[in-house]
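The residues making up each chain are set out below.
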Amino acid sequence: MERLPSVSLRRDPAGPRPSADPEALRRWVVAFCIIRFDLEQGQLVEECFPPDSLPHHQLLLVAFSSFPDSMSHHHLNPNTAHRPSSSSSIHDCIFSFRFRAAAADGGDFVYGYVFNRRRQDERLPRGGEQKSVVILSHTPYSSVFRPLLQILGPLCFDVGHSALGLVASHVAAWPAPAPGAPMDLPIGSAALRVHLPPALYDAAAPFPPPNPSVPHGLFHDADLFGSFRGLLLHLWTLWELMLVGEPLLVIAPTPPQCSEAVAALVSLVAPLPFSVDFRPYFTIHDPDFARLNSLGEDEEFPPMVLGVTNLFFLKALRNIPHVVSVGSPGPNTGRALPVANRSASTGMPGRNSRPGKLNLEQLSLNKFSPSGLLKAMKLRREGPLCLMTEHKEAVWSTYTSTTKPDTAILNRLIDSPRIEESMSVANNEILRRHFLELTTNFLAPFGPYLRATTPSEGTSPFVDPPPLPPFHADEFLSGLATRGPGKFLSKRMRSNWLDLYRSFLEGQNFMPWFQRRRAAAEQEQHRLWRQARMSTDMNKLISKMSEVEIVDSFNAIERHLLAEIQQLGDAREDSAVVRQKLKGDLRVVFNVLPKDMQQLLLSNPKRSALLQATF
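Remember, predicted model here, so these are calculated numbers, not experimental data.

Draft legend 1. Main features of the overall build of the protein chain. Within the protein chain, the secondary structure is distributed over 22 helices and twelve strands. For the protein chain, the proportion of its 615 residues judged to be buried stands at 52%. At a minimum sequence separation of 6, the contacts of the protein chain that also span at least 24 residues come to 73%. Element-wise, carbon and sulfur atoms account for 53% of the exposed surface of the protein chain, whose accessible area totals about 28,800 Å².

As structure tokens, then:
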């Protein structure tokens, strides 16, 4: 993450309280909250701005989701800032959560972004205090709200509750979000320079992506390398599990680690929108927990990705088929995890023999050495419940993966026991580009069903364009089995690659993506044929037509003109020009028709009025 510039947001205490237009604010933020953890009363909402912006039951859920729960509260967190003194110390961390919104709230989910501060001070009652500053939004813009929290969080502790209204007034002055575009968002004396991800199902988003350096999905800023540095060989299996929408439990020692890991997993399948429910930080207080906890042993776990820190979930959700544990409980753990003393049985890198490069050879040898195989067998036998006694990074799954780890990509990664932030950024870029290319090539066989056509030379653009090819899963799989997956995937996938496509078609990610890409192709085809009609020389076109074809052209032009007139209320900028061109074409065709045909057409009052308007 880039270092933020210094920001001045202080206001004159005697001056008027800053105001924020509620509607303008809601484009970005639902509410700002300050929540205090009281050892006797529990979580208390001290302030919510704007007031009454959330119902009581949602405020209660926000309060419970804004603090490390029973397993992780005693650990220091990955984004911890240490300010030790003789009698006090401060520990800050940032994490996120997500919960289901009410239907009337205007969005399917609410995203919470938390700045948590734990202050240990022997002069305070019970030796310390814990508070969280929370931003709630219907938008998953972590690239906006994480740096905003780095400003708002400390400011709340410096100037108090008035900081919420102060920052809200700046946010309300921002322009509306522009998904898929870069934006400069002023905040005090500085500005947040961000590139928003595309809308979740943006029909206008190009496919395949033209530039892999800009966001093509949610959480492009997530630390993919830092979250899975100890499980790099498993990334391709995790990519498949996310692709087909399998249920997955992500367990970590702290909320920042589990929420970052879930965000990184969601970003792994870009540019495919992830349609499966995911919760970066899930607690037993979430209303959905009761439903999940009541599932019988013979019931399938619903497709969800849950990030948790409470080990109770290992027992409560035993029928979840895939579990991954990430992170480190160590007190000095940062976003880039130290590599010493990693468990070889889980595909974790040890200390490098060549400083600066990931020791892939040693990693592979450790994985397949006798001791490594024994450890792997022990892990598999014990199952995830072994985390109850000791945290270790590992993946538990019976899933048979198709995609082989790309050793060329792993060899390019830079590794160090104390990795610099710039190295982590470089590694994230390498991994993200690779998985973007992998996902794009995986989706490429669907291209013929999503490709718009243009009128061929010499044909009339006024006839209806041909429909897109119909899609039938069985026929698609049969044809794909004959053609193969393509050169890029053939080198990286095992012989069971067709099973991955079959699982993808049955999963929750396929149909929402396919339907919206299909709609995008139909829109693009409509635009291309409309554009072709604008550039057609009507006199030249009808000179080669029979009388029947000319009459058909008249009816087609009339139909397109009426459609443009009906869309006048929400017309595009060029609609007037298009209507004028169609009127001229209609007049040209009418003039070459026989007199008796002209009289017949004029006998219809509506058509007669339309023709009169063309003269």
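We are not done yet, so read on.
Draft legend 2. Seen up close, helix 6 (residues 235–244). Counting buried positions over the ten residues of helix 6 gives ten, a clear majority of the element. Note on helix 6: the residue one or two positions beyond its end, Gly245, has a positive phi of about 75 degrees.

Draft legend 3. Here's a closer look at the pairing of strand 10 (residues 304–308). When you tally the buried positions in strand 10, you get five out of five residues, the bulk of the element. By the alternation rule, side chains of strand 10 split into Met304, Leu306 and Val308 and Val305 and Gly307, which are all buried. Pairing analysis gives four bridges linking strand 8 (residues 248–251) to strand 10, with the strands arranged parallel. Within the sheet, the bridge partner assigned to Leu249 lies in strand 10 and is Leu306. Inspection of the sheet shows strand 9 (residues 277–279) paired to strand 10 by three bridges, in the parallel sense. Each bridged residue has a counterpart across the sheet, and for Asp277 the counterpart in strand 10 is Met304. In this region the chain leaves strand 9, passes through helix 8 (residues 287–293) and returns to the parallel neighbour strand 10; the handedness of that crossover is right-handed.

Draft legend 4. Here's a closer look at the environment of Leu385. Positionally, Leu385 belongs in the loop between helix 11 (370–382) and strand 12 (394–396). Along the primary structure Leu385 and Leu311 are separated by 74 residues, whereas in three dimensions their C-alpha atoms are 8.5 Å apart. Ignoring sequence-local partners within four residues, the contact set of Leu385 consists of Leu314, Lys315 and Arg318.

Draft legend 5. Structural detail: the sheet that holds strand 10. Overall, mixed pairing links the five strands, which are arranged 9-10-8-11-12 in an open sheet. Strands with a single pairing partner mark the edges of an open sheet, and in this sheet they are strand 9 and strand 12. The mean angle between the axes of side-by-side strands here comes to 10 degrees, regardless of whether they run parallel or antiparallel. In this structure, strand 8 lies alongside strand 11 (residues 323–325), joined through three bridges in parallel fashion. The residue bridging Leu249 from the neighbouring strand is Val323, located in strand 11.

Draft legend 6. Summary view of the packing of aromatic side chains. Throughout the structure, instances matching the rule amount to 35 aromatic pairs. Plain terms: the ring middles of Trp28 and Trp174 are 5.2 Å apart, the flat faces sit at 85 degrees to each other, and that makes the pair edge-to-face. Taken as a pair, Trp28 in the loop between helix 1 (22–26) and strand 1 (31–38) and Trp174 in the loop between helix 4 (162–172) and strand 6 (182–187) lie far apart in primary sequence, 146 residues in all. Residues Trp28 and Trp174 agree in their burial class; the two are buried. Measuring from ring centre to ring centre gives 6.1 Å for Phe446 and Phe471, while their planes differ by 45 degrees; the resulting arrangement is tilted. Residue Phe446 is found in the loop between helix 13 (421–443) and helix 14 (473–483), and its partner Phe471 is found in the loop between helix 13 and helix 14; the two are separated by 25 residues along the sequence. Judged on exposure class, the residue Phe446 and its partner Phe471 are both buried. Counting every residue linked through ring pairs, the aromatic cluster contains Trp239, Phe442, Phe446, Tyr449, Phe471, Phe476, Trp497, Tyr501, Phe504, Phe510, Trp513 and Phe514. Between Arg117 and the ring centre of Phe157, over which it is positioned, the NZ or CZ distance is 4.5 Å.

Draft legend 7. Layout of the packing of helix 6 against helix 16 (residues 497–506). Close contact between helix 6 and helix 16 brings their axes to 8 Å; oriented N to C, the two are set at 35 degrees. Together, Trp239, Glu240, Leu243 and Val244 of helix 6 and Leu500, Ser503 and Phe504 of helix 16 make up the contact between the two elements. Considered class by class, the residues forming the contact of helix 6 with helix 16 number five nonpolar, one polar and one charged.

Draft legend 8. Structural context of the nonpolar core. Ranked by size, the top nonpolar core spans 122 residues in total, and within it Trp28, Phe32, Leu136, Phe228, Trp239, Phe442 and Phe446 carry the most contacts. Ignoring anything within four residues of it in the chain, the contact list for Phe442 reads Trp239, Leu243, Leu489, Met493, Leu500, Tyr501 and Phe504. Residues Ile251, Leu311, Val323 and Leu387 belong to the second largest nonpolar core, which totals 21 residues.

Draft legend 9. Structural context of the packing of helix 19 (residues 547–566) against helix 22 (residues 605–612). Running from N to C, helix 19 and helix 22 point in directions that differ by 80 degrees, and their axes come no closer than 12 Å. As judged from the angle between their axes, helix 19 and helix 22 are roughly perpendicular. Contacts between helix 19 and helix 22 pair Phe554, Asn555, Glu558, Leu561, Leu562 and Ile565 from the former with Arg607, Leu610 and Leu611 from the latter. Of the residues contributing to the contact of helix 19 with helix 22, the split by class is six nonpolar, one polar and two charged.

Draft legend 10. Quick peek at the pairing of strand 1. By the criterion of burial, strand 1 is predominantly enclosed, with six of the eight residues buried. Bridge count for strand 1 against strand 5 (residues 128–137) is seven bridges, and the pairing is antiparallel. By the bridge assignment, Ile35 is partnered in strand 5 with Ser132. Looking at chain direction, strand 1 and strand 2 (residues 42–49) are connected through seven bridges and run antiparallel. In the strand pairing of strand 2, Arg36 is matched with Leu44. Counting the residues in the hairpin turn of strand 1 and strand 2 gives three residues.

Draft legend 11. A look at the environment of Met388. Assignment of secondary structure puts Met388 in the loop between helix 11 and strand 12. Residue class for Met388 comes out partly exposed when judged on its relative accessible area of 37%. Residues in contact with Met388, not counting those within four places in the same chain, are Leu311, Leu314 and Lys315.

Draft legend 12. Quick peek at the environment of Ala191. Positionally, Ala191 belongs in strand 7 (residues 190–195). For Ala191, the residues in contact, after removing those within four places along its chain, are Leu185 and Pro186.

Draft legend 13. Region of the structure containing unusual backbone geometry. Omega for the peptide link from Phe49 to Pro50 comes to -5 degrees, which places this bond in the cis form. Along the chain, the position of Pro50 falls in the loop between strand 2 and helix 2 (56–65). For Asp52, which is not glycine, the phi torsion reads 60 degrees and is therefore positive. Structurally, the position occupied by Asp52 is in the loop between strand 2 and helix 2. Positive phi outside glycine occurs at Phe219, with the angle close to 60 degrees. Overall, the relative accessible area of 7% leaves Phe219 in the buried class.

Quick notes on the rules
Residues numbered from 1 in each chain as written. Predicted model: local features only at pLDDT ≥ 70, side-chain atom pairs only at ≥ 80, totals over all residues. Heavy atoms only, no water. Helix = DSSP H or I, 4+ residues; strand = E, 2+ residues; numbered from the N terminus. Buried < 20%, exposed > 50% of the residue type's maximum accessible area, 1.4 Å probe, protein only. Contact = heavy atoms within 4.5 Å. Areas by Shrake-Rupley, 256 points an atom, 1.4 Å probe, with all protein chains shown as cover. Pairing = 2+ DSSP bridges. Right-handed = clockwise from strand over helix to strand, strands pointing away. Axes fitted to C-alpha atoms, helices over the stretch in contact; angles between N-to-C directions. Phe/Tyr/Trp six-rings, centres within 6.5 Å; stacked < 30°, edge-to-face > 60°. Lys NZ or Arg CZ within 6 Å of the ring centre and 35° of its normal. Nonpolar A, V, L, I, M, F, W, Y, C, P; charged D, E, K, R; others polar. Core = buried A, V, L, I, M, F, W, Y, C linked by side-chain atoms within 4.5 Å. Parallel < 35°, antiparallel > 145°, perpendicular 65-115°, else oblique.

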